[in-house]
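Structure at a glance
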Amino acid sequence: AMGGARAQAAEMPRRAGGPHDAGVEKQGEGKPEASAEAAKVPSIAEIRAAIPKECFEHSIPYSLFLVIRDALVMASIFMLATRVMRTPGLSPEPLALWEWIGWAVYGFA
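1. Digging into the overall build of the chain
- The secondary structure content of the chain amounts to 4 helices and 0 strands.
- The buried share of the chain, taken over its 109 residues, is 6%.
- For the chain, long-range pairs separated by at least 24 residues make up 13% of all intrachain contacts whose partners lie at least 6 apart in sequence.
- Carbon and sulfur atoms form 66% of the exposed surface of the chain, whose accessible area is close to 10,200 Å².

Take a look at the structure:
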């Protein structure tokens, strides 16, 4: 039979009291089950009602400002990295440790 001992072990019920059951309460013991009200997930309308109305106001000039700001930050980081550190594979000499660390940091920026 395929599966052998593993299949039989999977079918056998686990007994309480083993090391894997430490601190685990069994169903029906200890705390009562959570009520249906506590497990209720809020609707989209309830979530939207809890958020201030200003958060839903659109502003094209402010959105464009954010896009330009982000592009300038990315370009600045790129220019700084390429001016200060040599590029792996393009330099005839091996990179220094600080350059390897710098490129690793740049990868997360």
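2. Quick word on the packing of aromatic side chains
- Under the criterion given, the structure shown has 2 aromatic pairs.
- Pairing Tyr 62 with Phe 65 gives two aromatic rings, centres 6.0 Å apart and planes at 35°, and the pair type is tilted. One end of the pair is Tyr 62 and the other is Phe 65, both in helix H3 (residues 60–84) and 3 residues apart, which spans about a single turn.
- Aromatic side chains Trp 103 and Tyr 106 sit 5.3 Å apart centroid to centroid with 85° between the ring planes, which places their arrangement in the edge-to-face category.

3. Regarding the side chain of Glu 99
- Structurally, Glu 99 can be placed in helix H4 (residues 97–108).
- A distance of 2.7 Å separates a polar atom in the side chain of Glu 99 from a polar atom in the side chain of Arg 86.
- Apart from residues no more than four positions distant in its own chain, Glu 99 is found in contact with Met 85 and Arg 86.

Scoring rules and cut-offs
Residues numbered from 1 in each chain as written. Predicted model: local features only at pLDDT ≥ 70, side-chain atom pairs only at ≥ 80, totals over all residues. Heavy atoms only, no water. Helix = DSSP H or I, 4+ residues; strand = E, 2+ residues; numbered from the N terminus. Buried < 20%, exposed > 50% of the residue type's maximum accessible area, 1.4 Å probe, protein only. Contact = heavy atoms within 4.5 Å. Areas by Shrake-Rupley, 256 points an atom, 1.4 Å probe, with all protein chains shown as cover. Phe/Tyr/Trp six-rings, centres within 6.5 Å; stacked < 30°, edge-to-face > 60°. Polar contact = N/O pair within 3.5 Å; in protein donor to acceptor, adjacent residues only side chain to side chain.

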